[in-house]
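Residue-level structural notes
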Amino acid sequence: MEQRAIKFRAWDGSKMLGAWELKNIPQLIMAYLSHNDPHIHIMQFTGLFDKNGNEIYEWDIIKYHDHPTGVEDGIGEVYYKDGKWMVTWSMIPLGDFGTAWTEIIGNIYETPSLLKQKQ
């Protein structure tokens with residue numbers, strides 16, 4: 001069985017830091033926990049990729065469209081609930097309906113206005 005990569009990225013209040021930029025993830029987590037800094041938001045990689053091969057992270061905003069089975073099109077943010085990665089417009093877990101029809105269009109920190117475009 002193939003294991004998914006455990007990756008994180010963080011929003012520091014002004015820019016998105018990719019996991020490749022983080023020198024020490026445990027220090028970032030400890031800074032967040034000890035100071036409860038509202039400007040540091042840590043997001044986990046879901047292990048899934050959008051139709052363009054981009055890694056999907058928690059709180060990404062994705063657009064879902066043209067699924068051949070007729071799953072409802074939509075725009076929503078990715079979140080974790082009850083052991084599954086979900087998207088706000090659907091009750092079906094993200095990995096269950098396939099990500100070949102998803103496209104990352106932003107995230108809730110850098111582009112929150114995209115959520116206003118929900119269909």
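In the block above lies the structure referred to throughout.
This write-up is about the structure you can find in this document. (Residues numbered from 1 in each chain as written. Predicted model: local features only at pLDDT ≥ 70, side-chain atom pairs only at ≥ 80, totals over all residues. Heavy atoms only, no water.)

1. Some thoughts on the sheet that holds strand β7 (residues 84-87)
- Within the open sheet, the 4 strands sit side by side as β7-β6-β5-β8. Their pairing is antiparallel. With one partner strand each, in any of the chains shown, β7 and β8 (102-107) form the two edges of the open sheet. The mean angle between the axes of side-by-side strands here comes to 35°, regardless of whether they run parallel or antiparallel.
- Inspection of the sheet shows strand β6 (residues 74-81) paired to β7 by 4 bridges, in the antiparallel sense. Note that in β7 the partner of Y79 across the bridge is M86. (Pairing = 2+ DSSP bridges. Helix = DSSP H or I, 4+ residues; strand = E, 2+ residues; numbered from the N terminus. Axes fitted to C-alpha atoms, helices over the stretch in contact; angles between N-to-C directions.)

2. A short note on unusual backbone geometry
- At W59, a residue that is not glycine, the phi angle is positive and equals roughly 70°.
- Within the fold, W59 resides in the loop between β4 (55-57) and β5 (60-64).
- You will see that D82, though not glycine, has its phi angle at about 50°, which is positive.
- Examined against the element boundaries, D82 turns out to sit in the loop between β6 and β7.
- Using a relative accessible area of 71% as the deciding quantity, one classes D82 as exposed. (Buried < 20%, exposed > 50% of the residue type's maximum accessible area, 1.4 Å probe, protein only.)

3. Side note on the packing of aromatic side chains
- For the structure on display, the rule yields 5 aromatic pairs.
- For the ring pair Y64 and W89, a centre distance of 5.7 Å and an interplane angle of 40° mean the geometry is tilted. Here Y64 is found in strand β5, whereas its partner W89 is found in the loop between β7 and β8, with 25 residues between them in sequence. Judged on exposure class, the residue Y64 and its partner W89 are both buried.
- Ring pairing ties together the aromatic residues F45, F49 and Y57, which thus form one cluster.
- Above the face of the F45 ring, K7 is positioned so that its terminal group lies 5.5 Å from the ring centre. (Phe/Tyr/Trp six-rings, centres within 6.5 Å; stacked < 30°, edge-to-face > 60°. Lys NZ or Arg CZ within 6 Å of the ring centre and 35° of its normal.)

4. Digging into the sheet that holds strand β1 (residues 8-11)
- Taking strand neighbours across the sheet as the criterion, the 4 strands line up as β2-β1-β3-β4 in an open arrangement whose pairing is antiparallel. Edge positions in the open sheet fall to β2 (16-17) and β4, since each of these has one partner strand only.
- Inspection of the sheet shows strand β3 (residues 41-49) paired to β4 by 2 bridges, in the antiparallel sense. Of the residues in β4, the one forming a bridge with F49 is E55.

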